[in-house]
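Architecture and fold: a report
The chain contents come next:
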Amino acid sequence: RERERERERERERERERERDYRTTLTNVDRTAADKTIAIWNTETWIRAQVLTGHSKGISDIEWARPTSGLTGLHLVSASDDKTVIIWDITLSEVSHKTLLGHKSYVSCVTWGDHVIISGGYDSKVIVWSPEGKVLKIESEAHTGPISAVKISEDNKTFFTTSYDGTCKMWCGETYQVLKTLMASSYPATSITFASHKSHMLLIANLDSTLRLYDTTAEEPIKREFRGHTNTQYTIGGRLISASEEKFLIHASEDGCFYQWVGSTPCSKVLAHEGDVVLCLEVSPRINHVVTSSLRGHNIKVWMAQPPLISQPLPAAGQSSTSMN
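Residues numbered from 1 in each chain as written. Predicted model: local features only at pLDDT ≥ 70, side-chain atom pairs only at ≥ 80, totals over all residues. Heavy atoms only, no water.

To continue, consider the pairing of strand S2 (residues 47–52). Sheet topology note: the strand S1 (residues 36–40)/S2 ladder contains 5 bridges and is antiparallel. Within S2, the residue paired with Ala-38 across the bridge is Val-50. In this structure, the hairpin formed by S1 and S2 is closed by a connection of 6 residues, where Trp-45 is found at a positive phi of approximately 55°. (Pairing = 2+ DSSP bridges. Helix = DSSP H or I, 4+ residues; strand = E, 2+ residues; numbered from the N terminus.)

Shown next, in the form of structure tokens:
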């Protein structure tokens, strides 16, 4: 029993090392025209690895979950070259497998415990096994390009948004659409889970509005968030948990990112003056927010000192870190 406990402690230490490594940041978004994925060390902010394999710009990536049962570190990427790539990353060797199935740009991808799901400009949603086998191709659920796909933490459901203005809720076992959560005249562009229970979603539309949805309620819209500018691009946001409160932070096309906490009016931070904040990520283990822009060639790191609303993050050019 003591040997078994020691093996379990060693497995937990290995999982912890993997979680630490997964907090490295990948500098990819739809403007990643150099076709590479850069992995950064979040202690030194030195680029640790560069992955090459796509022939056009990269639109989305996601790490495999620690609960996927895979050995080592894996991530998946989506590209304008119409492919999805599964990457197997170790400290000494990197290998990858290219998946073919989309007929146009692959705009989004996500990795659950047992499946990978991608969405593309061909309106297709494709479910893959972690080995790259096609499990399901659905081309009729949406009538416009797929903009985002996310799998719930319990893997029972997943969600897609599209430029047709809808968000669909799918069964995680049969891969069938369960219901249409929303239908808007404005394209729906991103999904963020607002709770670990996976029934609360934040969905962005190109009317400069974020909407909080309860997928179990008859009247699903619970709150709307405004203040930022989002009418053209697929830009993202994240939920931050700090000081026993949750803070919503979202990119904006006016060069800022915006923060909401409780019922307090939103505040903004100038991040990339004269540009569009296209990508925003949060590293919760080290309280960093990372932003990149449409026309810029660097990413910026911001120290998040909660409570965010009373201690705004530093404006561009002050105590943030820039990396080329």
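Within this structure, the stated rule accounts for 1 cavity of 30 Å³ or more. As a volume, the largest cavity reaches approximately 40 Å³. Around the largest cavity, the lining residues are Ser-190, Thr-192, Leu-202, Ala-204, Leu-210, Gly-237, Arg-238, Leu-248 and His-250. Of all the elements in the fold, those that place two or more residues in the lining of the largest cavity are strand S15 (188–193), strand S16 (200–205), strand S19 (237–242) and strand S20 (245–251). (1 Å grid on protein atoms, 1.4 Å probe; cavity = no way out; pocket = protein on both sides within 12 Å on 5 of 7 lines; lining within 4 Å. Points joined across faces, edges and corners; volume = space filled by probe spheres on them.)

Our next topic: the sheet that holds strand S13 (residues 166–171). Spatially, the 4 strands line up as an open sheet ordered S11-S12-S13-S14, and their pairing is antiparallel. In this open sheet, the two strands that pair with only one neighbour each are strand S11 (146–151) and strand S14 (177–183). Sheet twist, expressed as the average angle between the axes of neighbouring strands with direction ignored, equals 20°. When strand S12 (residues 157–162) meets S13, the two strands line up antiparallel, connected through 5 bridges. Pairing of Thr-157 across the sheet is with Cys-171, part of S13. (Axes fitted to C-alpha atoms, helices over the stretch in contact; angles between N-to-C directions.)

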